[in-house]
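# A look at the structure
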Amino acid sequence: MDSRTEPESDGAAAIHRPPLVRELLLVAGLFLVYKFGRQLANGHTAEAYRNAHHVWRWERSLHLPGEGALQSVLLHGHVLVRTANLYYVAVHFTATAAFLVWLYLRRPDHYLWARRVLALLTGAALALHLTFPLAPPRMLDVAHLVDTGQVYGPTVYGAEPQTDSMANQFAAMPSLHFGWALMVAIGLIVATRSRLRWLWLLHPLLTLVVIVGTANHYWLDAIVAGALLAVALAVVRAPSSAPDGSRTARPTLPAPRPAQPAPLARRSAALAETPATRRPAALPDTPAAARRSTLMPDAPAAGGPGLVGAGR
C-alpha cells in the first residue's frame, strides 16, 4: 500500500481572510464614532487653553526641546513648509488606509492584529480627548509659534477654532498622527522579512518632525501616543512573523519503498553455490611419475598385443 503523504490542498493551506464587506463597515463605523466623539470636546475652550499652559510648563520642567527650534528649520523656505503642511493633511489617513489594505490582501492574520491595535489606540485617544481637551501650540500665546497651515497652506482647520465644525482643534493630546504612523511602521516590520524593513521607521520619524514643526502638536502629544500604543501592543498579541511571498504547502516526506524480491540472476548464483554443485578444490602437487601416468594411455590387458609381446 502506498502510504505517501499528500500535500495540503489549496483550500486547507489558504489563510482565513475576514469578509470584505464586514471589514469595510467595521472600519468605517469606528472612524465615524471617533470623528463624532471628537466633536463632544468642542466648547471647552477655557479648559483647553488652561491645559495647554500646563503642558507647556511640563515640557520645560522635563527639559524637552522647544517646538520653535524645529519650526524655524521648516520656515527657511516656502517649499519646505508647504510640503510639511501637505504631509500633515494628506499622508495621515492615506498611509494608514494603504497599510490596512495591503495587510488584508497579503497578510490577513496580521491585518486582524493591526486593526485591533489601531481600534484600541484610537478608543483610548478618544477618551483622553474628552477628558483632557488641549489647545495645540499654534494657539498658545507664550509659545510664539506660527500657524503654518493658515499662513502657507494647505490646512484642514478653520481660522476660528471655537466655530470649526469640521474638526475638533482642541484634541491635540495624544497625537494620532504619530500613533498611527508608528503602528504602520511596526506592523510592516513585523509582517515582512525584508532586510530594509526597518526603514519604515522613517515614516513616524518624519511625521513627528511635521506635527511639531507645523505647531499642531507638542512633544508630549507624541510621547503619550507612543505610550498608549505600547499598551495596545501588549494587550493584543501579534501573530508569528511570515516570510515574504506566498505561503507554501507543507513539505512531504518520501514514503518508504516496499521490499522488492531479489533479482533472478542473484538467486541463480546463490543456487549455483550449493555443496552439490560446488567445484572441488585443487589437489596438491603429485610426484612426476604419477603425473606421467595420468598423461599416458592405460596399459593393455594381459595377453594382448603390446610392447612386450612385440619383442617376442
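Above this text you will find the structure in question.
Right, let's walk through the structure included here. Treat the numbers as computed from the prediction; the structure is a model and nothing was measured. (Residues numbered from 1 in each chain as written. Predicted model: local features only at pLDDT ≥ 70, side-chain atom pairs only at ≥ 80, totals over all residues. Heavy atoms only, no water.)

Turning next to the pattern of salt bridges. Enumeration over the complete set of coordinates arrives at five salt bridges. Between Arg22 and Glu23 there is a salt bridge whose closest N-O contact spans 3.0 Å. For Arg60, the salt bridge is made with Glu59, and the minimal N-O distance between the two is 3.4 Å. Overall, the relative accessible area of 28% leaves Arg60 in the partly exposed class. Classification of Glu59 by relative accessible area gives buried; the value is 0%. The structure contains a network of salt bridges with shared partners spanning Arg22, Glu23 and Arg115. (Salt bridge = Lys/Arg side-chain N within 4 Å of Asp/Glu carboxyl O. Buried < 20%, exposed > 50% of the residue type's maximum accessible area, 1.4 Å probe, protein only.)

Over its 16 residues, helix α8 (residues 176–191) extends 22 Å from the first C-alpha to the last, a length consistent with the 22 Å expected when each residue adds 1.5 Å. Within α8, 14 of the 16 residues are buried, which leaves the element mostly enclosed by the surrounding structure. (Helix = DSSP H or I, 4+ residues; strand = E, 2+ residues; numbered from the N terminus. Expected span 1.5 Å × (residues − 1).)

Taken together, Phe31, Leu32, Phe36 and Phe93 make up a surface patch of nonpolar side chains, about 410 Å² in accessible area. Considering each element in turn, the nonpolar patch owes the most residues, three residues, to helix α2 (residues 20–39). Structurally, Leu32 is set in helix α2. (Patch = residues over 30% accessible without salt bridge, like charges linked within 9 Å, V, L, I, M, F, W, Y side chains within 5 Å. Areas by Shrake-Rupley, 256 points an atom, 1.4 Å probe, with all protein chains shown as cover.)

Of note, Thr96 is situated in helix α5 (residues 78–106). A relative accessible area of 7% means that Thr96 is categorised as buried. The contacts of Thr96, once residues within four sequence positions are left out, are Val91, Leu118, Trp180 and Val184. (Contact = heavy atoms within 4.5 Å.)

All right, on to unusual backbone geometry then. Backbone torsion omega between Gly153 and Pro154 reads -10°, so that peptide bond is classified as cis. Checked against the element boundaries, Pro154 lands in the loop between α7 (148–152) and α8. We note that His63 has phi near 60°; this positive angle belongs to a residue other than glycine. Relative to the elements of secondary structure, His63 occurs in the loop between α3 (45–61) and α4 (67–74). With relative accessibility at 71%, the residue His63 sits in the exposed group. The residue His144 is not glycine, and still its phi comes out positive at about 55°. You can see His144 is positioned in the loop between α6 (108–131) and α7. His144 sits in the exposed class, given a relative accessible area of 69%.

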